[in-house]
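# Chain and residue survey
Next come the chains, spelled out residue by residue.
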Amino acid sequence: MDSEFLEIKAKSDEICKLGECGGSVTGILKYLLETDLVDNVLTIAKYDNIYDGVPIVIENSEDIAKTAGSLHCAPTMVGNLVSKFLNDFKLAVVTKPCDAMALTELEKRNRFDRENLYIIGLNCGGTIMPLSAKKMFELFYEVNPDDVIKEEIDKGQIIIELKDGTEKGVKIDDMEEEGWGRRENCQRCETMIPRNTDIACGNWGASDGWTFVEILTEKGKKLVQDAIKAGFIESKTPSKKQIEIREKLEKIMIKLMKKSEIKLLETEYPSLEKWEKYWNRCIECYGCRDVCPICWCNDCEINKLNSDSKLTPPDPLTFQGIRLGHMSFSCINCGQCEDVCPMEIPLSRLYDRLQKKYREKTGYIPGFSEELPPLYSPENE
Amino acid sequence: MLMKHSICPSCSVGCGINLINHNEKIVGTYPYKGHHINEGKNCLRGRDSYKLIEENNFSIPLKKKQNKLIESDWNTVINSISEIINSYSKDKIGILSSGKSTNEENEVIKNFAEDNGIEKIGVYTHNFPKIDEEIMISDYDEVNNASFVFIIGNVLLENPLIGRRIVIASDKGTKIFSADYTDKSITSMNSDNYFKFSSISEFLSKFPKEIEDKFHGNSVIIFNKLEAKENYKEIIDIANRNNAKILPILPEANSYGSMNYLTSLDKNELLSMISSIKVLIIIKNDPEDNLLDDEINLELNNLDYMISLNDSFKESMEIFDYIIPIPSWAEKNGSFTNTIGELQNFEKIIDMNKGVFPIEKVFDEISKNLD
Ligand SMILES: Cc1cc2nc3c(=O)[nH]c(=O)nc-3n(C[C@H](O)[C@H](O)[C@H](O)COP(=O)(O)OP(=O)(O)OC[C@H]3O[C@@H](n4cnc5c(N)ncnc54)[C@H](O)[C@@H]3O)c2cc1C
Ligand code: SF4
Ligand code: SF4
Ligand code: SF4
Ligand code: SF4
């Protein structure tokens, strides 16, 4: 279907207040749970503080309000959780674009039934590693990170709110120039609006206190209409101007992204000697493989390698080579491999770069193309 | 599905980890990216730690009959153990805990021994003595920013989340020197200079000038193995005369904390304790862990009874006469103290299996029966 635009907010005052911008996502989730359209909701919630977002499954609609709000210091990934533990449920899942791309790739590999799933997308301009965020707040904002009770991203700034009510903002660009800011893969991320979900929700173009929602599937359309009818959310039509603002913001972000992409994948891409240094310290812990939402084979060929001695690192041509050969065409640049590598190897640069080269040749866009990558064969993966 | 924060029990670094509880089973781990020590990175041993809860669980007390362990029941085993303890003089009874026991468990063990007049009690910490709080211990961030790092042991492989900080320093241009028994290792391959030795004691006694000359600014000596307690003092001497800090990496998650309650025993002290007793109560130690090497295992053969309290059963534990299941770290609230002395609390993630009782209950029941 052609996408449609709406501004939405939750009817409940509580959710409206707790929500990031209108609480529309939370309102819709509450509707899904209360009407038993889903058994469970999978989303992200604060565990201890704003630097500590973890996936959470909610079964009871009374518990959904506590998950409202955006956590920008929570670089989570839910693809594996859906395909491993939740594929038997009727489920609603809240996704950043990378989560949604992972789900698309997993669906193509028959890891779950899309029919059972409501995918509620969030626009995403990037996530920050929790400890980097703390250091940034110390360095650039000169505040104690423990005093920060809320953070949001608005007009290119990260704005923080302190315990005593004061607010401070610093431009993301300025921090990134000095090597801080969003994760590197996020700086290269090409998808800000997840148009592979049922609805994509964001603050771009939205009026104050409302969420700007792009409705992308018939299922999403029905969901929104029914939730309005049932009184969980209300809606209004955004003006042409608002739609344009949103488009403009997306374009600006894409331009910025292209700049980072050239820097990280070309001009400042590690040299061969640098890669040799990196591979020399691989401890063969399989963290990169195990976290990758695209790698899911139960019988991974890497397990069949005869690495009898862990005293020396594995041969990168065989170890990473297997992964490169099996899944790099489908790499969605989620950055998880790099996040979890204990040896600080910039893995997602390698995978993302190869995917983009492959894309130039084949046109295959992971997370969006409906078919599997042209070189894919099930034995391969 | 419910995710809960915990602390990795597989080494003394103290990494955070999320455990996934799905239908009241721990089915996996998930990166804990907000943790200040490891930011969601864990090594394989850490990520596999959830298997310690599920795959190795046992819940029925075992006793030896005709040289084979058979399933028994709680009352029988508690009564037999009490009778054994009653039939020996207290100086023939020893208790050995491990760095896997939580702080709270070690406190219970200590109190049990004190209440019952058992004096031969300690924890085997692989030749590491109690860490002297006066000594300049490096914290983890200081490794990232060190001006020179000297390593004893294959730290990159064995304690990867400290290894990570070493490679961060190396990427900034810090010189890394290391020494170990092997010809080659991941640590040696990532060092600017490597020294192979056949004995740590000998190596330290003739400490190479090439290394000594490198110390400057904020240098750190990192070591994860020792041959004897004296080695520790020698390393401190080297650190002191070079104004360096040390980062001892103890063998187990709570080795540091356990030494706050119990005397640390090095290998010789452990051997002499075993040779002076007839009954050993051994907690969260098992022969397969390499913790108890051949020589120690041989000495164990001379005992009349070995009574084990453990959270899992492995075949190597066939040498014990009684085995009582106790909860693993994830089945009870508790705490570890990591290798830099930081107290880390963790919560119960899952209920104990039916039939498993915490260590305080085991010792309470035994105490009631003692003369
Ligand atoms: C990291 C991040 C970056 C974003 N960047 C932009 C942007 O550049 N432009 C834009 O228009 N909109 C962006 N958004 C979306 C925006 O912040 C709101 O989430 C969206 O408008 C919905 O608002 P709401 O009030 O309806 O949501 P709420 O009702 O408050 O619900 C928010 C939902 O998001 C979930 N959530 C919170 N943090 C995460 C996370 N890290 N990963 C996955 N799910 C999470 C919550 O659990 C909750 O279900 C971003 C969101 C996130 C999480
Ligand atoms: S990879 Fe893209 S979608 Fe995912 S967190 Fe980063 S910017 Fe957001
Ligand atoms: S290779 Fe890395 S960046 Fe690419 S999909 Fe897998 S985890 Fe994500
Ligand atoms: S996560 Fe890093 S260290 Fe572990 S196997 Fe992958 S590349 Fe090697
Ligand atoms: S380095 Fe140690 S504490 Fe960290 S994950 Fe590995 S075994 Fe666990």
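Calculation notes
Residues numbered from 1 in each chain as written. Chains lettered and ligands numbered in written order. Predicted model: local features only at pLDDT ≥ 70, side-chain atom pairs only at ≥ 80, totals over all residues. Domains from an automatic or database assignment. Contact = placed C-beta atoms within 7 Å. Nonpolar A, V, L, I, M, F, W, Y, C, P; charged D, E, K, R; others polar. Near = placed C-beta within 6 Å. Helix = DSSP H or I, 4+ residues; strand = E, 2+ residues; numbered from the N terminus. Axes fitted to C-alpha atoms, helices over the stretch in contact; angles between N-to-C directions. Parallel < 35°, antiparallel > 145°, perpendicular 65-115°, else oblique. Left-handed = near helix turned anticlockwise from the far one by under 90°. Pairing = 2+ DSSP bridges.

### Section: the domain arrangement of chain A
All names here are of chain A. For chain A, the domain assignment lists domain 1 (4-123 + 191-260), domain 2 (128-181) and domain 3 (269-380). Taking only C-alpha atoms, the centre of domain 1 and the centre of domain 2 are 24 Å apart. The interface is formed by seven residues belonging to domain 1 together with 11 residues belonging to domain 2. Grouping the amino acids of the side of domain 1 that touches domain 2 by side-chain chemistry returns four nonpolar, two polar and one charged.

### Some remarks on the site of ligand 5
Residues and elements named next belong to chain B. Neighbouring ligand 5 are 14 residues; C8, C11, C15, C43 and G46 lie closest to it. Of all the secondary-structure elements, those providing two or more residues to the shell around ligand 5 are α1 (44-47) and α7 (160-171). The residue inventory of the shell around ligand 5, partitioned by class, reads seven nonpolar, six polar and one charged. Split by domain, the residues of the shell around ligand 5 number at least three in each of domain 1 (2-54) and domain 3 (140-248).

### So, the packing of helix α3 (residues 74-86) of chain B against helix α15 (residues 359-369) of chain B
Relative placement of two packed helices is described by the angle separating their axes and the distance separating the axes. All names here are of chain B. Between α3 and α15, whose axes approach to 9 Å, the crossing angle comes to 55°. By the angle between their directions, the pair α3 and α15 is classed as oblique. Seen along the crossing, α3 lies across α15 with a hand that is right-handed. Counting all contacts with α3, which are made through I78, N79, I81, S82 and I85, the residues of α15 involved are E365, I366 and N369. Broken down by class, the residue content of the contact of α3 with α15 amounts to four nonpolar, three polar and one charged.

### What to know about the sheet that holds strand β8 (residues 167-171) of chain A
Residues and elements named next belong to chain A. What the three strands build is an open sheet, ordered β6-β7-β8; its pairing is antiparallel. Looking at strand neighbours, the two that pair on one side only are β6 (148-154) and β8, the edges of this open sheet. When strand polarity is set aside, the average angle formed by the axes of neighbouring strands in this sheet is 20°. As defined by bridge partners, β6 adjoins strand β7 (residues 157-162) across six bridges and the pair is classed as antiparallel. From the neighbouring strand, K150 faces β7, where its bridge partner is E161.

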